[in-house]
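Descriptive analysis of the structure
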Amino acid sequence: MKQLLLQIFTWWNGQTMGTRFFTWRHGKRVGEDEMGNVYYEGTTTSFGLPRRWVVYKGYAEASAIPPGWHGWMHYRTDTPPTKETYVPRAWEKPHHANLTGTAAAYRPQGSIAAKGQRPAVTGDYDAWTPGA
């Protein structure tokens, strides 16, 4: 029951009822990545390209698409990683969750939100004073 309500009222917890119906009617399963995301191809767009979409496993986060599938999703290649021996390049990094807005988010030195004390001002700038 909970899963049904999530599909009806939220879009960020996997597919909605509309996406489920559209995928059932028009989608052809192309493959699945190591994180459990499932990729589909369907009818053509107004540009004449086949529609491509992903149904995320769990929370919908676009950065959770691996590099090989990202290239396929954005029409940089016509062959999905499941139909070729895709090997990530050395500069392609694995997925890391977006931590913005969480306690584990990056906070540079001197940030008000960073832990500890802020470094002392070094006097390398003169503050503006009105009328001076």
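Right, let's walk through the structure included here. Small disclaimer: the values here were computed from a predicted structure and weren't measured.

Criteria and thresholds
- Going along each chain's sequence as written, the residues are numbered from 1 onward.
- Only residues with pLDDT of at least 70 are given local features in this predicted model, and only at 80 or more are side-chain atom pairs given and counted; all residues enter the totals for whole chains, interfaces and linings.
- Only hydrogens and water are set aside; all other atoms, that is, all heavy atoms of the structure, feed into the side-chain values.
- Strands are runs of DSSP state E lasting at least two residues, helices are runs of H or I lasting at least four, and both sets are numbered from the N terminus onward.
- N or O atoms closer than or at 3.5 Å make up a polar contact, with two conditions inside protein: a donor-capable atom paired with an acceptor-capable one, and, for residues adjacent in sequence, both atoms drawn from side chains.
- Note on contacts: a residue pair is in contact if any heavy atoms of the two residues lie within 4.5 Å.
- The definition of a nonpolar core used throughout is a set of buried Ala, Val, Leu, Ile, Met, Phe, Trp, Tyr and Cys residues joined through side-chain atoms within 4.5 Å.
- For every residue, the accessible area (1.4 Å probe, protein chains only) is compared with the maximum for its type, and the residue is labelled buried under 20%, exposed over 50%, or partly exposed between those bounds.
- Only protein atoms enter the calculation, which uses a 1 Å grid: trapped sets of points that fit a 1.4 Å probe without letting it out are cavities, open sets showing protein on both sides within 12 Å along at least five of seven lines are pockets, and any residue with an atom within 4 Å of a point is a lining residue.
- Grid points are joined across faces, edges and corners, and a volume is the space filled by probe spheres set on the points.
- All residues other than Ala, Val, Leu, Ile, Met, Phe, Trp, Tyr, Cys, Pro, Asp, Glu, Lys and Arg, Gly among them, are scored as polar; the first ten of these are nonpolar and the last four charged.
- Definition used for salt bridges: Asp or Glu carboxyl oxygen within 4 Å of a side-chain nitrogen of Lys or Arg.

1. Notes on the side chain of Arg52
- Tracing the chain through its elements places Arg52 in strand 3 (residues 50-55).
- A polar contact is formed between the side chain of Arg52 and the backbone oxygen of Thr77, at a distance of 3.3 Å.
- Contacts of Arg52, omitting those with residues within four sequence positions, involve Tyr40, Glu41, Trp72, Met73, Tyr75, Thr77 and Asp78.

2. What about the nonpolar core?
- Counting eight residues, the largest nonpolar core consists of Val30, Tyr39, Val54, Tyr56, Ile65, Trp69, Trp72 and Met73.
- For this core, the element with the highest residue contribution is helix 3 (residues 67-73), accounting for three residues.
- When residues no more than four places from it in sequence are discounted, the contact partners of Ile65 are Tyr39, Val54, Tyr56, His70 and Met73.

3. Side note on the layout of surface pockets
- Here the largest pocket defines a volume of roughly 300 Å³.
- Looking at the largest pocket, it is lined by 18 residues, and the ones nearest its centre are Glu34, Pro66, Pro67, Gly68 and Tyr86.
- Tallied by class, the residues present in the lining of the largest pocket amount to nine nonpolar, four polar and five charged.

4. Description of the pattern of salt bridges
- For the coordinates displayed, the defined rule picks out three salt bridges.
- Its salt-bridge partner being Arg29, residue Glu32 comes within 2.5 Å of it at the nearest N-O pair.
- With relative accessibility at 39%, the residue Glu32 sits in the partly exposed group.
- Across the salt bridge formed by Arg52 and Glu41, the nearest N and O atoms sit 3.0 Å from each other. Of the two residues, Arg52 is situated in strand 3 and Glu41 in strand 2 (residues 38-44); the sequence distance between them amounts to eleven residues. With respect to burial, Arg52 and Glu41 carry one shared label: buried.
- It is possible to trace a salt-bridge network through shared partners that takes in Glu41, Arg52 and Asp78.

5. A few points about the side chain of Thr23
- Of note, Thr23 is situated in helix 2 (residues 17-26).
- We classify Thr23 as buried; its relative accessible area is 9%.
- Side-chain polar atoms of Thr23 contact the side chain of Trp53, separated by 3.0 Å.
- When sequence neighbours within four positions are dropped, the list of residues in contact with Thr23 reads Gln15, Tyr40 and Trp53.

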